[in-house]
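Inside the fold
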Amino acid sequence: MTITEHPTTAPADTAVADSAAALDAARAALRARLLADGVLIDLGSPGLYGRTGVFERVYTAVDAAAVRSQHDLDAEVLRFPPVEPLAAFERTDYIASFPDLAASISGFTGDDRTHRALLAARERGERWESFLQPADLMLTPAVCHPVYGLVGDTVPQEGRSFDIVGDSFRREPSLDPMRLQAFHMHEFVHIGTPASAEAHRDGRIPMMRALLESFGLAIDVVPANDPFFGRVGQMLARNQVEQSLKFEFVTPVYGPDHEPTAISSANLHEDHFGTSFGIRTADGAVAHSACLAFGLERITIALFAAHGTDPDTWPTEVRTALAL
Ligand code: 5GP
Ligand code: ZN
């Protein structure tokens, strides 16, 4: 598989090409440093890494600080496995918007004969996954997905808030260490009225920003658009920006000359999940929802990029903010 992050540039457009090449070089340099300094371990597939003790130490501190910052929410804690039933995945409409990022689980359901055919194909050095059958399970792409099917058909008028952390899988292989195929988000989700959902998102943006800045990261909060698939997707992305549904907390991991990277996001779903999952507030209106997502690996790697790969040498204020 070719791994490309950039649209092909016209030959005349050398400045753009130079900048893209410089960005690729910066990404490769950070990746090489994280591997050489024993922060990450290459698993031989782009965007999949093993993690060492030093990574885990910072990652755990980031997660704990995120939880402390949302303590006043008194959110209900929920944890889910990294896979979700196909039926639940269906109701999120994810496949309509992001078919290229979705991934499903397959299993072997054949008999001895099919197994022999599989082994023969394998022996010939051929791909054998086509002998597996879809298992009605999808890898979870966003950790808040399972909650909407679990709250029943009514939430109280003041809404309900949830603390959810888990695995996300998005099939976008890349050599950029900021883009992983398997990563974790810590989400703080609210399901309630239009006003309480909006207040959840907007009221917490300043505290999220302050938290990330306390880690010694330069942060900008910008309106964002998701990489919706295809031509219809371009329209959805424009809508998302025009209606200011999503904000991202971005930091210039690769320096001021390149696009900063989103390390967290604040999303308003309006009635999207309320409608799909049939959730109403006590007054009978369709529930609205919002979620705040801390991208745990991205924050952790942004910290290594900004302060170096030895946390013991990081500025005192940063270590204090992280309780490291
Ligand atoms: P979103 O649902 O907004 O796309 O993702 C929420 C957060 O998860 C992002 O702000 C980001 O921090 C993190 N995230 C999204 N995609 C990736 C990715 O490919 N790799 C990593 N490490 N984190 C990601
Ligand atoms: Zn979410």
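Worth saying up front: this structure is predicted, and the values here are computed from it rather than measured.

1. Things to note about helix H7 (residues 230–242)
- With 13 residues, H7 should reach 18 Å at 1.5 Å per residue; the first-to-last C-alpha distance of 19 Å fits that figure.
- For H7, the full list of buried residues reads Gly 233, Ala 237 and Gln 240. Down the axis of H7, the sector holding all buried residues measures 60°, keeping them to one side. Opposite the buried face of H7, by more than 90 degrees, sit the exposed residues Arg 231, Val 232, Gln 234 and Glu 242.

2. Focus on the sheet that holds strand E9 (residues 182–192)
- The strand order E3-E8-E9-E14-E12-E11-E10 describes an open sheet built from seven strands, whose pairing is mixed. Among the strands making up the open sheet, the edge pair consists of strand E3 (76–78) and strand E10 (220–223). On average, adjacent strands in this sheet sit at an angle of 20° to one another, irrespective of strand direction.
- The pairing of strand E8 (residues 160–169) with E9 spans ten bridges and is classified as antiparallel. Each bridged residue has a counterpart across the sheet, and for Asp 167 the counterpart in E9 is His 184.
- Helix H6 (residues 194–214) rests against E9, E10, strand E11 (246–251), strand E12 (261–270) and strand E14 (288–295) of the sheet, and its axis sits at about 15° to E14.

3. Some thoughts on the nonpolar core
- Residues Tyr 148, Val 189, Ile 191, Phe 215 and Leu 303 are the most contacted members of the largest nonpolar core, which totals 60 residues.
- For this core, the element with the most residues is helix H2 (residues 53–69), which contributes seven residues.
- Dropping the residues within four chain positions of it, Leu 303 is found in contact with Val 58, Val 62, Phe 215, Leu 217, Gly 308, Trp 314, Val 318 and Leu 322.
- Counting residues in each nonpolar core, the second largest holds eight residues, with Phe 89, Phe 98, Met 138 and Phe 228 among its members.

4. Some thoughts on the domain arrangement of the protein
- In terms of domains, the protein is made up of domain 1 (34–103 + 141–322) and domain 2 (106–139).
- Between domain 1 and domain 2, the C-alpha centre-to-centre distance is 34 Å.
- Domain 1 puts ten residues into the contact, and the matching count from domain 2 is four residues.
- For the interface between domain 1 and domain 2, the tally reads three residue pairs in polar contact (both at pLDDT 80 or more).
- Mapped by element, the contributors of at least two residues to the side of domain 1 that touches domain 2 are strand E4 (83–85) and helix H3 (86–92).
- With three residues, the single largest contributor to the side of domain 1 that touches domain 2 is E4.

5. Looking at the site of ligand 1
- Arg 170, Leu 180, Lys 246, Ile 263 and Ser 265 are the nearest of the 16 residues found near ligand 1.
- Within the side chain of Arg 170, one N or O atom sits 2.8 Å away from an oxygen atom of ligand 1.
- Residue Ala 262 places a main-chain N or O atom 3.5 Å away from an oxygen atom belonging to ligand 1.
- Per element, the largest residue contribution to the shell around ligand 1 is four residues, and it comes from E12.
- Among the residues making up the shell around ligand 1, the classes are represented as seven nonpolar, three polar and six charged.

6. As for the packing of aromatic side chains
- Scanning all chains against the criterion turns up ten aromatic pairs.
- Considering the side-chain rings of Phe 55 and Tyr 59, the 5.9 Å spacing of their centres and the 25° angle between planes classify their relative orientation as stacked. Residue Phe 55 and its partner Tyr 59 are both found in helix H2; the two are separated by four residues, about one turn of the helix.
- Among the residues examined, Phe 55 registers a relative accessible area of 1% and is labelled buried.
- Exposure remark for Tyr 59: the relative accessible area of 9% places this residue in the buried category.
- Centroid distance Phe 304 to Trp 314: 5.7 Å. Interplanar angle 70°. Geometry classified as edge-to-face.

Parameters at a glance
Residues numbered from 1 in each chain as written. Chains lettered and ligands numbered in written order. Predicted model: local features only at pLDDT ≥ 70, side-chain atom pairs only at ≥ 80, totals over all residues. Heavy atoms only, no water. Helix = DSSP H or I, 4+ residues; strand = E, 2+ residues; numbered from the N terminus. Expected span 1.5 Å × (residues − 1). Buried < 20%, exposed > 50% of the residue type's maximum accessible area, 1.4 Å probe, protein only. Arc of directions from axis to C-beta. Pairing = 2+ DSSP bridges. Axes fitted to C-alpha atoms, helices over the stretch in contact; angles between N-to-C directions. Contact = heavy atoms within 4.5 Å. Core = buried A, V, L, I, M, F, W, Y, C linked by side-chain atoms within 4.5 Å. Domains from an automatic or database assignment. Polar contact = N/O pair within 3.5 Å; in protein donor to acceptor, adjacent residues only side chain to side chain. Near = heavy atom within 4 Å. Nonpolar A, V, L, I, M, F, W, Y, C, P; charged D, E, K, R; others polar. Phe/Tyr/Trp six-rings, centres within 6.5 Å; stacked < 30°, edge-to-face > 60°.

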